[in-house]
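Structural characterization, general
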Amino acid sequence: ATTVDQIISECGISKGNFYHYFHAKDDLLNTLSDIFDDEYKKIIQKVVQTCFETEKLMNTNLYLNVILTNPETIRATNKHYREIDKETDVLSFPMFQKEELDKLVEESQTKKEIVEDVLGDIMISIPRVIEQADEYGHSVERELAYMVVHGFYHVMGYDHIKEEDKAIMRPKEEYVLSKLNITR
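To keep things clear, this report deals only with the structure shown in the data block. (Residues numbered from 1 in each chain as written. Predicted model: local features only at pLDDT ≥ 70, side-chain atom pairs only at ≥ 80, totals over all residues. Heavy atoms only, no water.)

Attention shifts here to the side chain of T60. Relative to the assigned elements, T60 resides in the loop between α3 (26–54) and β1 (62–69). Classification of T60 as buried rests on a relative accessible area of 9%. Only 2.5 Å separates the side chain of T60 from the backbone oxygen of L57, close enough to count as a polar contact. (Helix = DSSP H or I, 4+ residues; strand = E, 2+ residues; numbered from the N terminus. Buried < 20%, exposed > 50% of the residue type's maximum accessible area, 1.4 Å probe, protein only. Polar contact = N/O pair within 3.5 Å; in protein donor to acceptor, adjacent residues only side chain to side chain.)

Next up, the structure:
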(Lines give C-alpha, C1' and ligand atoms only; values in the text may rest on other atoms or scores of the structure.)
Protein backbone atom coordinates (compact mmCIF):
# COMPACT_ATOMS: atom_id res chain seq x y z
CA ALA A 1 0.00 0.00 0.00
CA THR A 2 1.22 3.47 -0.85
CA THR A 3 1.53 5.81 2.11
CA VAL A 4 1.09 9.57 2.18
CA ASP A 5 4.78 9.95 3.06
CA GLN A 6 5.79 7.95 -0.03
CA ILE A 7 3.60 10.10 -2.26
CA ILE A 8 4.97 13.31 -0.73
CA SER A 9 8.54 12.07 -1.11
CA GLU A 10 8.03 11.01 -4.74
CA CYS A 11 6.55 14.40 -5.58
CA GLY A 12 9.46 16.21 -3.93
CA ILE A 13 7.30 18.58 -1.89
CA SER A 14 7.24 19.40 1.82
CA LYS A 15 4.48 18.04 4.03
CA GLY A 16 3.42 21.59 4.82
CA ASN A 17 2.70 22.27 1.16
CA PHE A 18 1.19 18.87 0.46
CA TYR A 19 -2.45 19.83 1.03
CA HIS A 20 -2.15 23.07 -0.93
CA TYR A 21 -0.32 21.37 -3.78
CA PHE A 22 -2.97 18.72 -4.31
CA HIS A 23 -5.98 20.82 -3.33
CA ALA A 24 -6.13 22.29 -6.82
CA LYS A 25 -5.90 18.86 -8.42
CA ASP A 26 -9.25 17.24 -7.63
CA ASP A 27 -8.45 13.96 -9.37
CA LEU A 28 -5.35 13.44 -7.23
CA LEU A 29 -7.13 14.63 -4.10
CA ASN A 30 -9.97 12.16 -4.64
CA THR A 31 -7.48 9.32 -5.12
CA LEU A 32 -5.64 10.28 -1.94
CA SER A 33 -8.68 11.01 0.24
CA ASP A 34 -9.03 7.37 1.32
CA ILE A 35 -5.38 7.31 2.43
CA PHE A 36 -5.87 10.51 4.43
CA ASP A 37 -9.17 9.33 5.92
CA ASP A 38 -7.66 6.05 7.10
CA GLU A 39 -4.59 7.69 8.61
CA TYR A 40 -6.58 10.44 10.33
CA LYS A 41 -9.16 7.97 11.61
CA LYS A 42 -6.49 5.73 13.16
CA ILE A 43 -4.82 8.68 14.88
CA ILE A 44 -8.12 10.05 16.19
CA GLN A 45 -9.31 6.66 17.45
CA LYS A 46 -6.15 5.90 19.40
CA VAL A 47 -6.01 9.41 20.88
CA VAL A 48 -9.67 9.42 21.93
CA GLN A 49 -9.36 5.94 23.45
CA THR A 50 -6.30 7.02 25.45
CA CYS A 51 -8.09 10.18 26.59
CA PHE A 52 -11.10 8.14 27.71
CA GLU A 53 -8.86 5.65 29.56
CA THR A 54 -6.86 8.43 31.22
CA GLU A 55 -9.98 10.24 32.43
CA LYS A 56 -11.80 7.03 33.46
CA LEU A 57 -14.56 7.42 30.87
CA MET A 58 -14.43 3.84 29.60
CA ASN A 59 -17.31 2.73 31.87
CA THR A 60 -19.49 5.61 30.75
CA ASN A 61 -21.63 5.39 27.69
CA LEU A 62 -20.40 8.73 26.41
CA TYR A 63 -19.16 9.35 22.92
CA LEU A 64 -17.25 12.16 21.27
CA ASN A 65 -17.90 13.55 17.80
CA VAL A 66 -14.77 14.60 15.92
CA ILE A 67 -15.46 16.63 12.79
CA LEU A 68 -12.68 17.24 10.27
CA THR A 69 -13.25 20.34 8.21
CA ASN A 70 -11.72 23.22 6.26
CA PRO A 71 -10.84 26.84 7.16
CA GLU A 72 -14.02 28.32 5.69
CA THR A 73 -16.34 26.05 7.67
CA ILE A 74 -14.49 26.43 10.96
CA ARG A 75 -14.48 30.23 10.52
CA ALA A 76 -18.24 30.29 9.85
CA THR A 77 -18.84 28.04 12.87
CA ASN A 78 -16.60 30.21 15.05
CA LYS A 79 -18.53 33.31 13.93
CA HIS A 80 -21.93 31.70 14.45
CA TYR A 81 -21.36 30.18 17.90
CA ARG A 82 -18.67 32.40 19.41
CA GLU A 83 -19.22 35.64 17.46
CA ILE A 84 -15.54 35.60 16.45
CA ASP A 85 -15.11 36.08 12.70
CA LYS A 86 -11.77 34.34 12.52
CA GLU A 87 -10.38 31.01 11.35
CA THR A 88 -9.02 28.75 14.07
CA ASP A 89 -7.49 25.29 14.29
CA VAL A 90 -9.91 23.58 16.69
CA LEU A 91 -13.31 24.30 18.24
CA SER A 92 -14.86 22.37 21.11
CA PHE A 93 -18.49 22.13 22.12
CA PRO A 94 -18.99 20.45 25.50
CA MET A 95 -22.37 19.01 26.42
CA PHE A 96 -21.74 19.06 30.19
CA GLN A 97 -20.43 21.48 32.78
CA LYS A 98 -17.25 20.17 34.44
CA GLU A 99 -19.06 19.45 37.72
CA GLU A 100 -21.81 17.48 35.93
CA LEU A 101 -19.20 15.45 34.09
CA ASP A 102 -17.23 14.72 37.26
CA LYS A 103 -20.42 13.42 38.90
CA LEU A 104 -21.32 11.32 35.85
CA VAL A 105 -17.85 9.72 35.80
CA GLU A 106 -18.05 8.98 39.52
CA GLU A 107 -21.49 7.37 39.13
CA SER A 108 -20.31 5.31 36.15
CA GLN A 109 -17.92 3.43 38.41
CA THR A 110 -20.82 1.91 40.40
CA LYS A 111 -23.90 1.95 38.12
CA LYS A 112 -24.60 -0.93 35.78
CA GLU A 113 -26.84 0.85 33.27
CA ILE A 114 -25.86 4.22 31.94
CA VAL A 115 -27.72 6.16 29.28
CA GLU A 116 -25.77 6.82 26.09
CA ASP A 117 -25.00 10.51 25.70
CA VAL A 118 -22.75 12.86 23.76
CA LEU A 119 -19.68 14.07 25.64
CA GLY A 120 -19.28 16.85 23.09
CA ASP A 121 -18.10 17.81 19.63
CA ILE A 122 -14.64 18.74 18.40
CA MET A 123 -14.18 20.46 15.03
CA ILE A 124 -10.65 20.43 13.55
CA SER A 125 -9.40 22.27 10.47
CA ILE A 126 -7.20 19.77 8.64
CA PRO A 127 -5.43 22.38 6.47
CA ARG A 128 -4.50 24.24 9.69
CA VAL A 129 -3.20 20.98 11.20
CA ILE A 130 -0.93 20.50 8.19
CA GLU A 131 0.22 24.15 8.19
CA GLN A 132 0.96 24.12 11.92
CA ALA A 133 2.84 20.83 11.74
CA ASP A 134 5.11 22.40 9.14
CA GLU A 135 5.39 25.66 11.11
CA TYR A 136 6.28 23.90 14.39
CA GLY A 137 8.56 21.37 12.71
CA HIS A 138 6.81 18.18 13.74
CA SER A 139 4.65 15.54 12.08
CA VAL A 140 1.06 15.93 10.94
CA GLU A 141 0.27 12.95 13.19
CA ARG A 142 1.60 14.84 16.22
CA GLU A 143 -0.33 18.03 15.37
CA LEU A 144 -3.60 16.17 14.73
CA ALA A 145 -3.16 14.16 17.93
CA TYR A 146 -2.53 17.39 19.85
CA MET A 147 -5.66 19.03 18.37
CA VAL A 148 -7.77 16.02 19.41
CA VAL A 149 -6.32 15.97 22.95
CA HIS A 150 -6.66 19.75 23.23
CA GLY A 151 -10.28 19.66 22.06
CA PHE A 152 -11.02 16.72 24.35
CA TYR A 153 -9.84 18.58 27.45
CA HIS A 154 -11.91 21.62 26.49
CA VAL A 155 -14.93 19.30 26.22
CA MET A 156 -13.99 17.96 29.67
CA GLY A 157 -14.26 21.50 31.06
CA TYR A 158 -10.61 22.53 31.14
CA ASP A 159 -9.25 25.81 29.80
CA HIS A 160 -5.94 27.61 29.31
CA ILE A 161 -6.82 31.31 29.33
CA LYS A 162 -5.64 31.87 32.90
CA GLU A 163 -2.17 30.66 33.85
CA GLU A 164 -3.47 28.57 36.78
CA ASP A 165 -5.90 26.77 34.44
CA LYS A 166 -3.18 26.31 31.83
CA ALA A 167 -0.96 24.73 34.51
CA ILE A 168 -3.63 22.01 34.90
CA MET A 169 -4.63 21.50 31.25
CA ARG A 170 -1.21 21.40 29.55
CA PRO A 171 0.24 18.57 31.67
CA LYS A 172 -2.90 16.50 31.01
CA GLU A 173 -2.46 16.99 27.25
CA GLU A 174 1.23 16.13 27.37
CA TYR A 175 0.56 13.07 29.53
CA VAL A 176 -1.84 11.61 26.94
CA LEU A 177 0.57 12.34 24.08
CA SER A 178 3.47 10.79 26.00
CA LYS A 179 1.39 7.64 26.70
CA LEU A 180 0.98 7.37 22.92
CA ASN A 181 4.68 8.12 22.38
CA ILE A 182 3.75 11.08 20.18
CA THR A 183 6.39 13.75 20.65
CA ARG A 184 7.45 16.96 18.97
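One pass over the structure, following the stated rule, counts seven salt bridges. Among the ionic pairs, D102 bridges to K98, the shortest N-O distance being 3.3 Å. Placement of the pair is D102 and K98 together in helix α5 (residues 98–108), with a separation of four residues, close to one helical turn. Two residues, R170 and E173, come together in a salt bridge whose shortest N-O distance is 3.1 Å. Here E173 and R170 lie together in helix α8 (residues 163–179), a separation of three residues that amounts to about one turn. (Salt bridge = Lys/Arg side-chain N within 4 Å of Asp/Glu carboxyl O.)

Further remarks concern the packing of helix α7 (residues 140–155) against α8. Between α7 and α8, whose axes approach to 10 Å, the crossing angle comes to 135 degrees. Regarding the angle of α7 to α8, the classification is oblique. Between α7 and α8 the crossing geometry is right-handed. Of α8, the residues touching α7 (which contributes R142, A145, Y146, V149, H150, Y153 and H154) are M169, R170, K172, E173, E174, V176 and L177. (Axes fitted to C-alpha atoms, helices over the stretch in contact; angles between N-to-C directions. Parallel < 35°, antiparallel > 145°, perpendicular 65-115°, else oblique. Left-handed = near helix turned anticlockwise from the far one by under 90°. Contact = heavy atoms within 4.5 Å.)

The three strands are arranged β1-β3-β2 in an open sheet whose pairing can be described as mixed. Two strands in the sheet have a free side with no partner beyond their single neighbour: β1 and β2 (90–94). With direction set aside, neighbouring strand axes in the sheet form an average angle of 15 degrees. For β1 and strand β3 (residues 117–125), the ladder comprises eight bridges, and the chain directions are parallel. Within the sheet, the bridge partner assigned to V66 lies in β3 and is I122. Most of the contacts of helix α4 (residues 71–82) go to β2, to which it runs at about 45 degrees, and overall it touches β1, β2 and β3. Here α7 sits on the sheet in contact with β1, β2 and β3, set at roughly 140 degrees to β3. (Pairing = 2+ DSSP bridges.)

Okay, the environment of G120 next. On the secondary structure map, G120 appears in strand β3. According to the relative accessible area criterion, G120 is buried, its value standing at 0%. Taking the C-alpha atoms as reference points, G120 and F93, 27 residues apart in sequence, are found 5.4 Å from one another. When near neighbours in sequence (up to four residues on either side) are disregarded, G120 contacts Y63, L64, N65, F93, P94, M95 and V155.

Inspection of the entire model under this criterion finds four aromatic pairs. Relative to F93, the ring of Y81 lies with its centre 5.4 Å away and its plane at 65 degrees, an arrangement referred to as edge-to-face. Of this pair, Y81 sits in helix α4 while F93 sits in strand β2, placing them 12 residues apart in sequence. By relative accessible area, Y81 is classed as exposed at 57%. Exposure remark for F93: the relative accessible area of 21% places this residue in the partly exposed category. Both rings, one in Y153 and one in Y158, keep their centres 5.6 Å apart while their planes meet at 75 degrees; by these two values the pair is edge-to-face. For the pair shown, Y153 and Y158 are each scored as buried. Each member of the aromatic cluster is reached from another via a ring pair, and the members are F52, F152, Y153 and Y158. (Phe/Tyr/Trp six-rings, centres within 6.5 Å; stacked < 30°, edge-to-face > 60°.)

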